[in-house]
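# Fold and contact review
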Amino acid sequence: ENLPVDESIRLNQLGFYPDQKKLAVILNHEDVEDFLIWDLDSKDIAFEGKLSTTFNKTFSGTNARVADFSGFNEPGRYVFILNRVGKSYPFEIQSTINQDLGIASIKAFYFQRASTELNESHAGIWARKMGHPDDQAMIHPSAVSDSRKAGDVFPSPKGWYDAGDYNKYIVNSGITVGTLLSLFEDYSTYFQKLELDIPESGNQVPDLLDEIRWNLDWMLTMQDPADGGVYHKLTTAQFEGMVEPHLAVSQRYFVAKSTTATLDFAAVMAQAARVYKAYFPEESVIYLKAAEKAWNWAKKNPEMLYKQNEMNEGFDPDVVTGAYGDFSATDEWVWAASELFVTTHNMTYWDELANADQSFKLPSWNQVSWLGFYSLLRHQDKISVLPQEWMAMLKINLLSAAREHSEDTEATAFHSPIETDAKNFIWGSNAVAANQGILFLYAYKQSNEPIFLERALDNLDYILGKNATGYSYVTGFGSKTPMRPHHRLATSRPDIAPLPGFIVGGPNPRQQDGCDYSSSFPDESYTDESCSYASNEIAINWNAPFAYLANALEAINSQ
Ligand code: G3I
Ligand code: 9MR
């Protein structure tokens, strides 16, 4: 037990469900054969096994072997010991292993709330003063319309800070809220009782829906009531310094309406209208009206794409914060039409879908068609008016994509789907892992094939430590976790631990931040430094799919 922790042993640093596949990956050590699982409570050997004889190569060429201890399923607290080498970080085997993780992944959104103080009773040591009241946000010259002129001020409070910065962007809020509402729709029984310990806890509404509403309230303020168009973002002209929210007081602007923001808004509001109907019937009506108005604006303005560089010519002040620039709205039309159709059953929206590209595209902020298709599949029993072959094609595409993303997993060094393609390592690669996990869970629901559940868990293991850097990429969960995320709420409070429950962006070989990275290999391009916004920032659109994955697995396992 006094063995040193050996970093060549990579495994999920939280642990496993009793009947789950359990793997550790061992780097180097070609000569070692035997491993054992040591029980930290009884201080005894609990299981003995041998490493695989197959060597897989990492991206950097290192030999990797697996230790498979799936046959061991006694609940408890353990370390993995490699004979003559060392031990792993501790882990547990437990039937609710991801419960606290799931709760923290959603509580993270509470920590991101703008326009409110956080009290110690809910936020603990992360209590903070109110920042960004956003009661006097200004119309930027790019956002002028018949009814609103430059310099006019309107309130735009609440919402979640997007990421490590303090701005609020509709496009990114869109996929975030859509993913969280889908999590609720897919596992509503589980969320009836799940407590997040937020100010609204104890009312008659599931906490997840209370939390999401904080952002919906803000999103509503981003629609111009005169014409239904939705502003792209609410932002300072430049990023604020790394200061606490109440000290970040630069003027905030409503910036340019865009087609993508307006359609994402329409999709989210349409979905919210049906989800909240049973809890807040009046809001539900408001949401649907807002969605329809947004849709109508987009119909009249289908080409208003947000191009930040063009916008900066001639406008004062220049706006240089997150662009979320996306030069095709094709997928946003699909998403909005799908959600509006599911909620209203109005065939107008089907017209938009009939000739849509049904091929699978992994969701990301600039690729949202499958948020809509997931919703159509989720509600397939209630929308039987749609042509059956068309719906069948969606299901076929879903399952074959899940197979494709899962293929060759066993041949990768870390036995995870994200590792099967170097192209998965983009800015926010950890959200690629999480979104693949969601794909697998939908494929599992549609087919009942256990391999898909296993693949979702493979990517969760990857996120929590079975990977090329040995980090568990979620703050506060695991033994080696990000301590210096690019997160103004954290960097401005160096005296306390980073806020828990946040997944960082993860390995990104393009390294656009210019920080020092110790490696340039795709899955090693990560540095736990606060300068590293390209690998170590947190963001709501990454936490949402991560929250989906952790909570859905927990819901499935608790059934
Ligand atoms: O479109 C290309 C694709 O063709 C290519 O294969 C791929 C290879 O890396 O790059 C793709 O473009 C990338 C784009 O994201 C779409 O994924 C760009 O290189 C990359 O620089 C860009 O990164 C975005 C980043 O902002 C910079 O604009 C991230 O997706 C996005 O998550 C991030 O979002 C920021 C906000 O702007 C501000 N708030 C924080 C937030 C998180 O970092
Ligand atoms: O903090 C900003 C982060 O949220 C963005 O993702 C990133 C890329 O747009 O930019 C960060 O801000 C940096 C800016 O781009 C350059 N100057 C330093 C800023 C803070 O590190």
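Residues numbered from 1 in each chain as written. Chains lettered and ligands numbered in written order. Predicted model: local features only at pLDDT ≥ 70, side-chain atom pairs only at ≥ 80, totals over all residues. Heavy atoms only, no water.

## A short note on the overall build of the chain
Each helix and strand counted, the chain has 16 helices and 15 strands in total. Its C-alpha radius of gyration of 23 Å places the chain within 12% of the 24 Å reference for a compact globule of 559 residues. Each principal axis of the C-alpha distribution contributes one length, and for the chain these read about 75 × 55 × 45 Å. By the burial criterion, 62% of the 559 residues in the chain qualify as buried. Across the chain, contacts joining residues at least 24 apart in sequence account for 70% of those joining residues at least 6 apart. In the structure as shown, the chain presents an accessible area of about 20900 Å², 50% of it carried by carbon and sulfur atoms. One way to put it: in the chain the 44 positive side-chain charges average out to a point 2 Å from where the 74 negative ones average out. (Helix = DSSP H or I, 4+ residues; strand = E, 2+ residues; numbered from the N terminus. Rg over C-alpha atoms; globule rule 2.2 N^0.38 Å. Buried < 20%, exposed > 50% of the residue type's maximum accessible area, 1.4 Å probe, protein only. Contact = heavy atoms within 4.5 Å. Areas by Shrake-Rupley, 256 points an atom, 1.4 Å probe, with all protein chains shown as cover. Lys, Arg positive; Asp, Glu negative; His and termini not counted. Charge placed at Lys NZ, Arg CZ, Asp CG, Glu CD.)

## Let's talk about the state of the cysteines
If you walk through the whole model with that rule in mind, you get one disulfide. Between the sulfur of C515 and that of C531 lies a disulfide, 2.2 Å long from S to S. Note that C515 is positioned in the loop between α15 (488-491) and α16 (540-557) and C531 in the loop between α15 and α16, a separation of 16 residues in sequence. What makes C515 buried here is its relative accessible area of 11%. Owing to a relative accessible area of 39%, C531 belongs among the partly exposed residues under this scheme. (Disulfide = S-S within 2.5 Å.)

## Looking at the nonpolar core
Ranked by internal contacts, the top residues of the largest apolar core, which has 149 residues, are Y187, Y276, L376, L441 and I463. Looking at which element gives the most residues to this core, the answer is α16, with 12 residues. Those residues within four positions of L376 in sequence are excluded, and the remaining contacts are S338, F341, V342, L353, I383, L386, W390, M391 and L394. (Core = buried A, V, L, I, M, F, W, Y, C linked by side-chain atoms within 4.5 Å.)

## Some remarks on helix α14 (residues 450-463)
Each α-helix turn comprises 3.6 residues. Residues three or four places apart therefore point the same way. With 14 residues, α14 extends 20 Å between its outermost C-alpha atoms, agreeing within 8% with the 20 Å of an ideal straight helix rising 1.5 Å per residue. Summarising burial for α14: 11 of the 14 residues are buried, a large majority. In this structure, the buried residues of α14 make contact with β2 (15-16), α1 (99-111), α12 (388-406), α13 (429-447) and α16. G465 sits one or two positions beyond α14 and adopts a positive phi of about 135 degrees. (Expected span 1.5 Å × (residues − 1).)

## Some words on the domain arrangement of the chain
You can read the domains of the chain as domain 1 (9-93) and domain 2 (99-112 + 127-288 + 304-468 + 537-557). Summarising the inter-unit geometry, the C-alpha centres of domain 1 and domain 2 are found 36 Å apart. When the two sides are added together, the surface that domain 1 and domain 2 hide from each other amounts to roughly 1700 Å², 57% of it contributed by carbon and sulfur. For the domain 1 face of the interface with domain 2, the top three residues by lost area are Y17, K21 and F59, together amounting to 33%. Scanning the region where domain 1 abuts domain 2 turns up two salt bridges. Salt-bridge contacts for K21 lead to D458; the nearest nitrogen and oxygen are separated by 3.1 Å. Where domain 1 meets domain 2, there are nine residue pairs in polar contact (both at pLDDT 80 or more). Counting residues per element, the ones that place at least two in the side of domain 1 that touches domain 2 are β3 (23-27), β6 (56-57) and β7 (63-68). Take the side of domain 1 that touches domain 2: its biggest share by element is three residues, from β3. Split into classes, the residues belonging to the side of domain 1 that touches domain 2 amount to 10 nonpolar, five polar and four charged. (Domains from an automatic or database assignment. Buried area = accessible area lost by both parts, 1.4 Å probe. Salt bridge = Lys/Arg side-chain N within 4 Å of Asp/Glu carboxyl O. Polar contact = N/O pair within 3.5 Å; in protein donor to acceptor, adjacent residues only side chain to side chain. Nonpolar A, V, L, I, M, F, W, Y, C, P; charged D, E, K, R; others polar.)

## A look at the sheet that holds strand β11 (residues 137-139)
Across the sheet, five strands lie side by side as β12-β11-β15-β14-β13; this open sheet has mixed pairing. The two strands at the open ends of the sheet, each matched to only one other strand, are β12 (153-154) and β13 (168-169). (Pairing = 2+ DSSP bridges.)

## Observations concerning the site of ligand 1
The full set close to ligand 1 counts 14 residues, and D162, D165, W365, R510 and E537 are the nearest of them. The side chain of D162 places a nitrogen or oxygen atom 3.0 Å from a nitrogen atom of ligand 1. In the model, an oxygen atom of ligand 1 is placed 3.2 Å from a nitrogen or oxygen of the Y324 side chain. Summarising the interface, the protein chains cover 62% of the accessible area of ligand 1, which totals 790 Å² for the free molecule. (Near = heavy atom within 4 Å.)

## Brief notes about the site of ligand 2
Residues in close proximity to ligand 2 include D165, F239, W427, H486, R488, Y533 and E537, which together make up its full environment. Side-chain polar atom of H486 to an oxygen atom of ligand 2: 2.6 Å apart, as the coordinates give it. For ligand 2, an oxygen atom lies 2.7 Å from a polar atom in the side chain of E537. Taken by itself ligand 2 offers 450 Å² of open surface, and the protein chains cover 60% of this.

## A look at unusual backbone geometry
In this chain, D316 is followed by P317 through a cis amide linkage whose omega measures 0 degrees. Mapped onto the elements of the fold, P317 is located in the loop between α8 (308-312) and α9 (330-344). Even without being a glycine, H29 presents a positive backbone phi close to 55 degrees. Within the secondary structure, H29 is located in the loop between β3 and β4 (34-39). By relative accessible area, which is 22% here, H29 ends up partly exposed. Positive phi outside glycine occurs at H132, with the angle close to 45 degrees. On the secondary structure map, H132 appears in the loop between α2 (120-123) and β11. The class for H132 is buried, based on a relative accessible area of 5%.

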